[in-house]
Amino acid sequence: RSYHFNEENTAQFNLKGSKSINQILNLSDGNTIEFDKKTKKNCKSFRNKKVEIDTTKSIEELLSFKKSNSTHISNYTQLQKLLHVLDKHHALAIHFAKKEDLLGYSCYIQSKNRLIYINSASSNLEKKHCVSTGLLEHMILENLNKELILDFEGSGIESISKFFSGFGSTKT
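Computed from a prediction, not measured in an experiment: that's the story for all the values here.

Thresholds, definitions, all that
- Residues numbered from 1 in each chain as written.
- Predicted model: local features only at pLDDT ≥ 70, side-chain atom pairs only at ≥ 80, totals over all residues.
- Heavy atoms only, no water.
- Helix = DSSP H or I, 4+ residues; strand = E, 2+ residues; numbered from the N terminus.
- Expected span 1.5 Å × (residues − 1).
- Buried < 20%, exposed > 50% of the residue type's maximum accessible area, 1.4 Å probe, protein only.
- Patch = residues over 30% accessible without salt bridge, like charges linked within 9 Å, V, L, I, M, F, W, Y side chains within 5 Å.
- Areas by Shrake-Rupley, 256 points an atom, 1.4 Å probe, with all protein chains shown as cover.
- Salt bridge = Lys/Arg side-chain N within 4 Å of Asp/Glu carboxyl O.
- Lys, Arg positive; Asp, Glu negative; His and termini not counted.
- Charge placed at Lys NZ, Arg CZ, Asp CG, Glu CD.
- Pairing = 2+ DSSP bridges.

Draft legend 1. Up close: helix H6 (residues 131–143). If you check H6, its first and last C-alpha atoms are 18 Å apart, about what 13 residues at 1.5 Å a residue would give, namely 18 Å. Within H6, the full set of buried residues consists of Val131, Thr133, Gly134, Leu135, Leu136, Glu137, Met139, Ile140 and Asn143. Within two residues after H6, Asn145 carries a phi angle of roughly 65 degrees, on the positive side.

Draft legend 2. Broad picture of a positive patch on the surface. Where like charges cluster on the molecular surface, the positive patch consists of Lys38, Lys41, Lys127 and Lys162. Within the secondary structure layout, Lys38 lies in helix H2 (residues 37–48).

Draft legend 3. Quick look at the pairing of strand S6 (residues 102–111). Of all 10 residues that make up S6, 7 are buried, and the element is covered over most of its length. Looking at chain direction, strand S5 (residues 92–98) and S6 are connected through 7 bridges and run antiparallel. Within S6, the residue paired with Lys98 across the bridge is Leu102. Between S5 and S6, which pair antiparallel one after the other, the connecting turn spans 3 residues. Looking at chain direction, S6 and strand S7 (residues 114–122) are connected through 8 bridges and run antiparallel. Residue pairing for S7: Ser111 is matched across the bridge by Arg114.

Draft legend 4. Quick look at the pairing of S5. Summarising burial for S5: 6 of the 7 residues are buried, a large majority. With 3 bridges joining them, strand S4 (residues 52–54) and S5 adopt antiparallel strand pairing. Paired with Glu52 across the bridge in S5 is Lys98.

What follows is the structure, encoded as structure tokens:
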């Protein structure tokens, strides 16, 4: 059994089982953020391909895109309810990447001084356009030098953990 709490909450509970490793990036001092070589290359590729970032699309468009493009099994009804509740409380940020068509999206919860990366999906063109990297870079640049922490929520999957580390995140 594994528990997924923000690292600031874990100290409050007497947990049984293993504690999940989290990854965070402090955005308050932009001068200390250093992307690794591969992440820099992919960010540049994303910008050079002139992929647009759109924040006006709906939750329904997100869910439709996810159903069509994600290989992960998801409870779409539960995800829809969660996103609507977050949106109602002005705690949801969604960024879509598009060329002619949607290429991907990323979702964040805005909570106090945290942006929590909660969900994303991308099309088969993602690798060609470096969508996941570009969307994360966009969120980082949009919030750089603000008193915020980007919370990646970590991952037990090595490739995902390495991807987050490429942005300069630290494990907690």
